[in-house]
Every structure is written in C-alpha cells, then in structure tokens.
Amino acid sequence: MRWTQQTSNATALYLHGYSDRTPAQYTMTFPKGYNSRSLKEENILVKRVVAENYSLGVMELPSPCGNQLQVYDLERTLCDILRGSGSDIQIISVAMKKYAASKEKDIHKLMKYAEQLRVKPKVLRYMEILL
C-alpha cells in the first residue's frame, strides 16, 4: 500500500532534536478525508489537516535508523504543537526556548506559518517573552 504522510507534532520535534523524549506513539498527518483506520491499529496518532495546509513546510529528515522521512520543518512543527490539544506544556516550553535561542531560527517563516495555521496569538505570546 502506498500513501503519503508527514511526520508531525511531538514526533517531528524529536526528529528535529527539539525534544529529548522519544514519542510513545508516533504522530502522522494526512489530508482530511484520508481513511486511516489501519494506522490507528498500528498505534499511530493520526492528525488531519485541510488540503491547502497539508504540504506547508514539508522537508526530509533521517529517522534514528537512517531512513528518510517526510517531516514538517521546525517552524511548522512549532505551530502544530501550539494548535493541537493535548500537547505537553513542558515539551512546548522547552522547544520554544530552544528555538528562540537558535541561530537558525526564521521568525519571518514562523509568523507566516502561524498566520496561515491560525496560531499567531499563541506564537506571539511565546516570542514576546523569549526574544
């Protein structure tokens, strides 16, 4: 079976090196309408997004075993963890602090994504405190 998916949320944060917690359950994102029943049986946390946001910020990163995975970039991942419910506030805080201190941060991209994903007020609260 061939399907497209993006590794996202806490799983992507871990792959980017912005969380030291190995996810107990991998998170993958699919376009709305995708049938994911078999994935739930595999203990994968399924997220769905509207089609226009699905490919926003996609990149590739190696898994811990060296396989290339499609993953959302760091800015998209930060927006996603702020969007979702059930995200661990400690994981979010550590990731946002690390991002704010990073020389590779791209605030313009983060704000563009935050606007499109409708989390700009949340992102601004973190960035105003940390920068």
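Cut-off values and rules
- Per chain, residue numbering runs from 1 following the sequence as it is written.
- A pLDDT threshold of at least 70 governs which residues receive local features in this predicted model, and a stricter bar of 80 or more applies before side-chain atom pairs are shown or counted, although totals over entire chains, interfaces and linings include all residues.
- As a rule here, side-chain values cover all heavy atoms of the structure and leave hydrogens and water aside.
- Strands are runs of DSSP state E lasting at least 2 residues, helices are runs of H or I lasting at least 4, and numbering of each runs from the N terminus.
- In this treatment the radius of gyration is a C-alpha quantity, and the globule benchmark scales as 2.2 Å times the residue count to the 0.38 power.
- Note on classification: 1.4 Å probe, protein chains only; a residue is buried when its accessible area is under 20% of the maximum for its type, exposed when over 50%, partly exposed between these limits.
- Any two residues whose heavy atoms approach within 4.5 Å are treated as being in contact.
- When charges are counted, neither His nor the chain ends are considered; positive counts come from Lys and Arg and negative counts from Asp and Glu.
- Where a charge lies is defined by one atom per residue type, namely NZ (Lys), CZ (Arg), CG (Asp) and CD (Glu).
- Within this scheme, the nonpolar core is defined by two criteria: the residues are buried Ala, Val, Leu, Ile, Met, Phe, Trp, Tyr or Cys, and they are joined through side-chain atoms within 4.5 Å.
- By this rule the span expected of a helix is its residue count minus one, scaled by 1.5 Å.
- Working note: the arc is built from the helix axis to C-beta atom directions.
- The term salt bridge refers to a side-chain nitrogen of Lys or Arg lying within 4 Å of a carboxyl oxygen of Asp or Glu.
- In protein, a polar contact means a hydrogen-donor-capable atom and an acceptor-capable atom, both N or O and within 3.5 Å, with residues adjacent in sequence counting only if both atoms are side-chain atoms; elsewhere, any N or O pair within 3.5 Å suffices.
- Here is the rule: rings of Phe, Tyr and Trp (six-membered ring for Trp) pair when centre to centre is within 6.5 Å. Planes less than 30 degrees apart are stacked, more than 60 are edge-to-face, and the remainder are tilted.
- Here, a charge over a ring means that NZ of Lys or CZ of Arg falls within 6 Å of the ring centre while also lying within 35 degrees of the ring normal.

Draft legend 1. Quick look at the overall build of the chain. When you go through the chain residue by residue, the secondary structure sums to 7 helices and 5 strands. Listed N to C, the secondary structure of the chain is β-α-β-α-β-α-β-β-α-α-α-α in terms of helices and strands. Against the compact-globule benchmark of 14 Å for 131 residues, the chain has a radius of gyration of 14 Å, which places it among compact chains. Within the chain, buried positions represent 42% of all 131 residues. Contacts in the chain between residues far apart in sequence, at least 24 positions, make up 51% of those at least 6 positions apart. Averaging the coordinates of the 19 positive side-chain charges in the chain and doing the same for the 13 negative ones gives two points 4 Å apart.

Draft legend 2. Looking closely at the nonpolar core. L13, L78, C79, Y99, L110, V123 and M127 are the most contacted members of the largest nonpolar core, which has 21 residues in total. For this core, the secondary structure elements donating two or more residues are α4 (74-83), α5 (89-101), α6 (107-116) and α7 (120-130). In contact with V123, other than residues within four places in its own chain, are C79, L82, L110, M111 and A114. The next biggest cluster of nonpolar side chains, apart from the first, holds 5 residues, and it includes M28, L39, I44 and V46.

Draft legend 3. How the structure looks around α5. Under the 1.5 Å per step criterion, the end-to-end length of α5 is 18 Å for 13 residues, consistent within 8% with the ideal 18 Å. Along α5, the residues classified as buried are I91, I92, A95, M96, Y99 and A100. When α5 is viewed along its axis, its buried side chains cluster within an angular range of 155 degrees and face the same direction. For α5, exposure combined with an orientation more than 90 degrees from the buried face picks out K97 and A101. If you follow the buried residues of α5, they end up packed against α1 (9-15), α4, α6 and α7.

Draft legend 4. Examining the pattern of salt bridges more closely. In this structure the tally under the stated criterion is 5 salt bridges. With a shortest N-O distance of 3.1 Å, D80 and R76 are connected by a salt bridge. Taken together, the residues span about one helical turn, with D80 and R76 both in helix α4 at a distance of 4 residues. Here D80 and R76 have matching classes, each one buried. Across the pair D80 and R83 runs a salt bridge, and its minimum N-O distance is 3.7 Å. With a gap of 3 residues between them, D80 and R83 both fall in helix α4, about one helical turn apart. A cluster of three or more residues bridged by salt bridges with shared partners is formed by D73, E75 and K109.

Draft legend 5. How the structure looks around the side chain of T11. By the secondary structure assignment, T11 is in helix α1. On the basis of relative accessible area, T11 is assigned to the buried category, the value being 4%. Here T27 takes part through its backbone nitrogen, which lies 2.8 Å from a polar atom of the side chain of T11.

Draft legend 6. Broad picture of the packing of aromatic side chains. This structure, assessed with the given rule, holds 1 aromatic pair. Relative to Y34, the ring of F30 lies with its centre 4.6 Å away and its plane at 10 degrees, an arrangement referred to as stacked. Overall, Y34 belongs to the partly exposed group, its relative accessible area being 24%. Positioned above the aromatic ring of Y72 is the side chain of R76, whose terminal nitrogen or guanidinium carbon lies 3.9 Å from the ring centre. Stacked on the ring of Y18, the Lys or Arg K98 has its end atom at 4.9 Å from the ring centre.

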